[in-house]
Amino acid sequence: MEIFVISLLNGLVYGMLLFMLASGLTLIFSMMDVLNFAHASIYMLGAYFAYQISAFAGFWPALILAPLLCGAIGAAIEVWGLRRVHHNGHIAELLFTFGLVFIIGRGVQMTWGMLPMAYRVPPSLDFPLFTLYGANFPAYRAFMLFISASMLLSTWLLLKKTRIGLIIQAALTHPQMVSSLGHNVPMVFTTVFAGGCVLAGLAGVIGGNYQTTEPGMAEAMGPIVFVVVVFGGLGSLAGCFVASILMGMIQTFAVVIDQSCLDLLRPLGITTVPDNLLGEVLSVPVARIGALLPFMMMVLILLVRPRGLMGTRDT
Amino acid sequence: MTKKLKGLLAACALAIAAICAQPALAGDTIKFAYVDPLSGPFASSGDEYLKVYQTLFARMNAEGGIMGKQIELVPFDDKLQPAEALIALKSITDQNIPFVMHCVGSNVGAAMIDGVSKHNARNPDNRILYLNCGALATELTNEQCDFWHFRFTGSVDMRTASLVRSLPKDLKTVYLLNQDYLFGQSVRTGMKKWLAQLRPDIQIVADELMPFGKVQDFAPYVEKIKASGAQSVMTGNYNRDLNLLVKAAVDAGLTARFDTILAHQVGAARSIGAAGEGRLTSIIEFSANVPPDMFKGPEADAAEKFATDWSKAHESEFSEINYWTMMKMVKAAVEKNNSTDALKVALALEDMQMKDMVGQENIMRKTDHQLLMPYYAAVFTKNAKHDTENTGLGWKTISESTAQDLALPTVCQMKRPKS
């Protein structure tokens, strides 16, 4: 029971971190039809900026400034990069963001070196918030939950309840019409791209010290974020939310399950397996393959429901 | 504008001249190729070892080089890919470089052993020696041992043996957590073997494999460890898989020890920080604290000074004492024959004895070409004399396993060349 409750909390925290990263990606995709490969690189930049700023001014200014810096970089990428390659079609845009991954990765290595940074949780948040069945729940985890939940709420309010959100949504489906009505559609695109980068930067700020800030962090987070976005349905914020929480829970709970497929078959009277590949697959404990489950689920959903959980168009 | 252009042209010309001039200068040197990941996610290790070699090469050159000739380091990037390493090997043999050094990744090491062996069989007049400084899998000097391969670092077997030897007497329950690939499985086998042989009183409460480099959140693992009630987590994890584990453990208030074999690798101290205080141990070749903790005399003082000078210049810990032993052994072998011929050098290296930086005797065992060298158990604490990576905490030496202690049995059946 205690493992269940604690895993539930852990899964929620991890899922919300995933959501912060994935929401920016899915927002950009739904607006601009660009799958931004460099999204996890922006996340990494957010963490490094936060480390640098917090070394001079402390964590709280970093929490505000680092995402804004990431947003500025995002805007620059959109205005001087993506917009220019846009007429050459989607492949060109994809390759462009793919190239950015390498440039940002190398840039980070050249600026900060290859070793992990000593970016730590601020002392004011570095205490156990409460103790549950003898296990501490760190205050910083609660803080992460708070930040991601408030971000989710404000994004939703912005998109659904404000005039800006109205224009963004209209530009999503009818860009020509919105343009004819006198709105600056390229400006809207830049805003959305920058906004997505702000979210990624924010995720970097709070994820960088929760995990480690190092040049490999983009590569570590990149794949799983894509899985979340594809699974939830490209371009659907709600689907992205559900998928993030689901992936967080699955990965957390999988670790706790020491049973294998074989244990499921046991009530049917099957207790031994042949000593071959099939037997190997059946008897491997779920905990050992937990981290691969999201990828298996992505393959499954692409086969069964290509548009994802709540997507509106096929992948 | 034209002035600028002229300046640019002049600069280019100078740069080209500088590049062209280099081989001419390097005409009469003894070359050592160095193959390791210098880009990609594992570049931090390759980059660190490259710096170590640059320093050690400069030191040896200052002491007169080998046979009176200067030695030269020629780095190649293998991106931790066996295929890339073999391409580099081709280029190395084309340039007639007599030695190839490689330190990261047992999978690459296995490919190198095979590649070097085949090359030497096909080109008896242009042979090359593989000096292994860090591919750890025990198999490389057991089932896969080869005459042209010399391992100048402790195998997983040796490291896990010294880890088990260093465990405190009152430790009764351990949790094994390792990465699910060749290296992690090798560590797991070693740990279980040595626990059964040396510490039958210790109970293994869990024996778990986790995906290599895929886990982003270690909190669920920490929960499991906590539920198991183990006093110590024994792990071969390194890099991110170790750093995140220890951080998550501290966050959740887990009080278990972490007994590891690779926590002293570059970058770990800085990313774990105070979370590891007094509870994180590692099996090390050397650190700035080994001489003051374990030895006395001018040799120890000189080694300590070398290590502290290194940390001042590089913000990392110098632990690669075996690289220097290796270079001294190769120097002795080359000078004995007055030749860099691979066969002659290999024969001279066999059963060679050499004192390391702190004066301990190392032996290159003839049967499997494994260097028998001492290992030290160290704990990460603020009570250490020298700190590491500017963290305020350092590796304090707690015990030693001597070269004799680690002369473990081997199953190697080496094919020896006839000429």
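One can find the structure itself at the top, above this paragraph.
Treat the numbers as computed from the prediction; the structure is a model and nothing was measured.

Caption draft 1: A look at the pairing of strand 6 (residues 173-179) of chain B. Residues and elements named next belong to chain B. Within strand 6, seven of the seven residues are buried, leaving the element largely enclosed by the surrounding structure. Here strand 6 shows a buried face lined by Thr173, Tyr175, Leu177 and Gln179 and a second buried face lined by Val174, Leu176 and Asn178. One ladder, built from seven bridges, connects strand 6 with strand 7 (residues 203-210); its direction is parallel. Residue Asn178 lies in a different strand from strand 7, and its bridge partner there is Leu209. For the crossover from strand 6 across helix 6 (residues 182-198) to strand 7, the handedness is right-handed. Both strand 6 and strand 8 (residues 232-235) contribute to a ladder of four bridges, which runs parallel. Looking at strand 8, one finds that Tyr175 is bridged to Val233.

Caption draft 2: Region of the structure containing the interface of chain B and chain A. If you look at the interface, chain B gives 34 residues, while chain A gives 34 residues. Taken over both partners, the interface formed by chain B and chain A buries close to 3100 Å², and the fraction arising from carbon and sulfur atoms is 56%. Linking chain B to chain A there are two salt bridges. Between Arg240(B) and Glu214(A) there is a salt bridge, and its shortest N-O distance comes to 2.9 Å. Where chain B packs against chain A, one counts 12 residue pairs in polar contact (both at pLDDT 80 or more).

Caption draft 3: Structural view of the state of the cysteines. All names here are of chain B. If you walk through the whole model with that rule in mind, you get two disulfides over all chains. Here Cys103 is linked by a disulfide to Cys133, with a sulfur-sulfur distance of 1.9 Å. Between Cys103 and Cys133 the disulfide shows an S-S torsion of about -85 degrees. By sign, it is left-handed. Of this pair, Cys103 sits in the loop between strand 3 (99-102) and helix 4 (106-122) while Cys133 sits in the loop between strand 4 (129-132) and strand 5 (149-151), and the two are 30 residues apart along the sequence. The partner cysteine of Cys145 in its disulfide is Cys412, sulfur to sulfur 2.0 Å. Between Cys145 and Cys412, the S-S torsion sits near 80 degrees, and that sign places the bridge as right-handed. Here Cys412 lies in the segment after strand 15 (394-401) and Cys145 lies in the loop between strand 4 and strand 5, a separation of 267 residues in the sequence. Using a relative accessible area of 11% as the deciding quantity, one classes Cys145 as buried. Judged by its relative accessible area of 14%, Cys412 falls in the buried class. The connectivity of the disulfides in chain B is 1-2, 3-4, where the numbers refer to bonded cysteines in sequence order.

Caption draft 4: Main features of the sheet that holds strand 1 (residues 29-36) of chain B. All names here are of chain B. Here we have five strands laid out as an open sheet, ordered 2-1-3-4-5, and parallel in their pairing. For this open sheet the edge positions go to strand 2 (70-77) and strand 5, each flanked by a neighbour on one side alone. Across the sheet, the mean angle separating the axes of adjacent strands is 25 degrees when strand polarity is ignored. Where strand 1 and strand 3 come together, four bridges link them in parallel fashion. Bridging from a neighbouring strand, Phe32 pairs with Phe99 of strand 3. Across the sheet, helix 4 is in contact with strand 1, strand 3, strand 4 and strand 5; its angle to strand 3 comes to roughly 165 degrees. Sheet strands in contact with helix 13 (residues 342-349) are strand 3, strand 4 and strand 5, and its direction is about 40 degrees off that of strand 4.

Rules of the game
- Residues numbered from 1 in each chain as written.
- Chains lettered and ligands numbered in written order.
- Predicted model: local features only at pLDDT ≥ 70, side-chain atom pairs only at ≥ 80, totals over all residues.
- Heavy atoms only, no water.
- Buried < 20%, exposed > 50% of the residue type's maximum accessible area, 1.4 Å probe, protein only.
- Helix = DSSP H or I, 4+ residues; strand = E, 2+ residues; numbered from the N terminus.
- Pairing = 2+ DSSP bridges.
- Right-handed = clockwise from strand over helix to strand, strands pointing away.
- Contact = heavy atoms within 4.5 Å.
- Buried area = accessible area lost by both parts, 1.4 Å probe.
- Salt bridge = Lys/Arg side-chain N within 4 Å of Asp/Glu carboxyl O.
- Polar contact = N/O pair within 3.5 Å; in protein donor to acceptor, adjacent residues only side chain to side chain.
- Disulfide = S-S within 2.5 Å.
- Axes fitted to C-alpha atoms, helices over the stretch in contact; angles between N-to-C directions.

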